[in-house]
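One letter stands for each residue in the lines below.
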Amino acid sequence: MDERCVLVEDLGELLELPLDDPRMLHVADCPRCQGRLLSYRVFLRRDEVLEGARDAEADACLREFLEETIRGKSAAGGAHEVGEARGAGAAHGIGEAHEAGGAPGAGEARGTGSNIGNAYRPRTDPFRRLRDLRRSRRILWPSFATLAVVSAVVAVVLLRGAGERPPIVPRGDQGEPGEVGPLPAPAEWLPAGGCVLRWAGVKEADAYRIVMLDAGLAEVARLEATTQTTFTLNPDLVRDLRADRRAAYWQVEALSAGDAIASSPPQAWLPPKR
Amino acid sequence: MAADVSNNREPDNARERPDAVLAALAGRDPEGSEGRQAASELLGRYRTLVYRWCFRYVRDHDQAMDLSQDVLLNAYRRLGAFEGRSCFSSWLFAIARNRCLSAVRRPPLLQDEEGDPDRVADPRPGVDQTLEERSEEEEILRLMRRHLNPVEQRAFYLRCFERMPVEAITRLLVIEGATGARGVLQSARRKLRAVAGDRLRPKEGDRHG
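This one's a predicted model, so the numbers in the text were calculated from it and none came from an experiment.

Caption draft 1: Summary view of the overall build of chain B. For chain B, the count of helices and strands is eight helices and zero strands. N-terminal to C-terminal, the α/β element order of chain B is α-α-α-α-α-α-α-α. Buried positions account for 50% of the 209 residues belonging to chain B. Here the contacts in chain B between residues at least 6 apart in sequence split such that 54% fall between residues at least 24 apart. By element, 48% of the accessible surface of chain B is carried by carbon and sulfur atoms, the whole surface being about 10,400 Å².

Caption draft 2: Here's a closer look at the overall build of chain A. Scanning chain A from terminus to terminus reveals eight helices and nine strands. Taken across its 274 residues, chain A has 44% of its residues classed as buried. Here the contacts in chain A between residues at least 6 apart in sequence split such that 56% fall between residues at least 24 apart. Counting only carbon and sulfur atoms, one obtains 55% of the accessible surface of chain A, whose full area is about 14,500 Å².

Caption draft 3: Structural detail: the interface of chain A and chain B. On the side of chain B, 75 residues touch chain A, which itself brings 70 residues to the contact. Of the roughly 7,200 Å² buried between chain A and chain B on both sides combined, carbon and sulfur atoms contribute 57%. Where chain A packs against chain B, one counts six salt bridges. Close ionic contact of Glu137(B) with Arg32(A) constitutes a salt bridge, the shortest N to O distance being 3.1 Å. Of all elements in the fold, only helix 1 (11–14), helix 3 (31–44), helix 4 (55–75) and strand 5 (219–226) of chain A reach the threshold of two or more residues within the side of chain A that touches chain B. It is helix 4 of chain A that provides the largest number of residues to the side of chain A that touches chain B, a total of 14 residues. Class assignment for the residues of the side of chain A that touches chain B results in 32 nonpolar, nine polar and 29 charged.

Caption draft 4: Fine view of the environment of Cys195(A). Residues and elements named next belong to chain A. Looking at the element boundaries, Cys 195 is found in strand 3 (residues 195–200). Accessibility expressed as a relative area gives 0% for Cys 195, which makes it buried. A C-alpha to C-alpha distance of 9.3 Å links Cys 195 and Leu 237, two positions 42 residues apart in sequence. With residues up to four places along the chain from it excluded, the contact list for Cys 195 reads Ala 187, Glu 188, Trp 189, Leu 190, Phe 231, Thr 232, Leu 233, Val 238 and Trp 269.

Caption draft 5: Here's a closer look at the packing of aromatic side chains. The final tally for this structure, using the stated rule, is 14 aromatic pairs over all chains. Among the aromatic residues, ring-to-ring pairing joins Tyr40(A), Phe43(A), Trp53(B), Tyr57(B) and Phe93(B) into one connected group.

Caption draft 6: How the structure looks around the confidence of the model for chain B. Residue and element names in this part refer to chain B. Here chain B averages 79 in pLDDT, while 74% of its residues score no lower than 70. Helix 3 (residues 61–77) holds the highest mean pLDDT among the elements of chain B, 94, whereas helix 5 (residues 127–147) holds the lowest, 77. The model gives residues 1–6 a pLDDT under 50, and that stretch makes 11 contacts with residues more than four places away or in other chains. Note that pLDDT drops below 50 for residues 203–209; the model gives that stretch 18 contacts with residues more than four away or on any other chain. With pTM at 0.52, the complex prediction returns an ipTM value of 0.76.

Parameters and conventions
Residues numbered from 1 in each chain as written. Chains lettered and ligands numbered in written order. Predicted model: local features only at pLDDT ≥ 70, side-chain atom pairs only at ≥ 80, totals over all residues. Heavy atoms only, no water. Helix = DSSP H or I, 4+ residues; strand = E, 2+ residues; numbered from the N terminus. Buried < 20%, exposed > 50% of the residue type's maximum accessible area, 1.4 Å probe, protein only. Contact = heavy atoms within 4.5 Å. Areas by Shrake-Rupley, 256 points an atom, 1.4 Å probe, with all protein chains shown as cover. Buried area = accessible area lost by both parts, 1.4 Å probe. Salt bridge = Lys/Arg side-chain N within 4 Å of Asp/Glu carboxyl O. Nonpolar A, V, L, I, M, F, W, Y, C, P; charged D, E, K, R; others polar. Phe/Tyr/Trp six-rings, centres within 6.5 Å; stacked < 30°, edge-to-face > 60°. pLDDT = per-residue confidence, 0-100.

Okay, here's the thing in structure tokens:
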């Protein structure tokens with residue numbers, strides 16, 4: 001790729017540049033950058049009518065999805081916080097899900113608040129159970145109370161023997177990023193052009209693997225596994241990965257018997273400005 | 001190119017906070033109440049745009065919803081890695097674009113629930129394939145610059161590399177005439193075949209063009 005080509009994530013800056021800026025002059029001559037910039041403009045368009053798209057319905061469902069995903073994390077800990085957000089969040093676009101109206105095909109949801117989610121049920125909806133659970137919470141509340149007491153007793157019994165058991169290692173996305181995975185330190189750039197990556201290890205891991213990601217967080221390369229908690233990229237490798245500016249982030253995966261058991265969040269991988 | 005879009009989402013009123021402020025809040029305190037509220041507000045601003053982008057690719061409401069949820073969830077998980085060096089809108093666009101491009105490259109199993117998992121290859125391209133594709137892309141771009149006019153260049157890139165539907169290209173480039181972008185693409189292909197011959201093989205996503 002041409003060194004001057006604009007990364008997709010940098011397209012936003014282009015729209016602010018004057019036409020005589022060197023980057024814009026390059027865009028004017030580069031089909032790739034023009035195509036990407038046009039795509040980005042299409043992404044930002046709100047006025048285009050898309051035949052078959054159900055904008056209002058999608059808007060209501062995604063609003064609820066985001067609320068479940070982001071705010072719903074606290075719902076398990078207490079509805080108090082969610083309730084507060086719904087009361088105070090009107091200015092910030094939060095908690096409006098129960099006011100949705102005008103969604104074609106979602107008429108029965110109007111005024112019934114939590115029924116809005118019925119307008120869309122993806123085949124693999126990871127939040128369906130959580131939603132159903134929340135709806136039935138009032139009915140099941142006495143059962144929950146009993147369950148909580150029993151769980152507390154069981155937890156006390158289990159904790160006594162916890163010292164003899166290996167800790168539970170979440171796999172894949174089950175874990176919260178950064179909490180159970182290896183914890184990376186900022187990349188150290190060497191004067192000769194190499195780079196050292198370091199991270200805090202994971203107890204159960206017997207090896208680590210480095211994954212390089214591009215600006216869109218798509219994987220571009222996997223570097224060999226190491227048993228250490230550090231990895232040095234020689235200048236040639238750095239040059240290769242930076243050649244077309246494709247590697248912009250790195251992350252480390254903890255391996256156990258060859259299987260990835262946890263991974264770090266992506267870390268920026270940009271050389272210091274000279 | 002017509003300036004009919006706004007760049008980073010501008011606040012509708014003075015009380016709304018800019019994208020960069022929300023992204024910083026969400027990245028600084030991802031588990032806190034304020035961080036979550038900021039993430040919810042920020043991603044909420046773009047949820048419809050993400051859906052519409054996905055819909056353009058798959059032309060199916062349910063599939064577009066699945067993709068949109070993936071994109072928003074990915075973006076939420078990775079907000080901590082967003083360092084504010086670029087606009088949030090283009091950072092999110094990069095995630096949405098990659099997700100949709102990989103979706104249209106998916107093997108049939110992911111669309112056919114009765115497929116045999118053992119017979120499906122890893123959807124990720126291998127190193128050799130990636131290098132080959134990159135080198136082929138460079139070659140095509142070189143030929144495009146030399147032999148196609150600007151409208152053909154744009155239409156061809158959008159169709160073959162961005163996998164944009166033909167109708168969307170017609171509207172975007174305001175191509176008039178009965179055949180719209182289809183005619184422009186045919187003309188571009190003819191020119192490229194004439195100079196490149198067998199070096200150009202049809203792309204998987206280019207069947208409908």
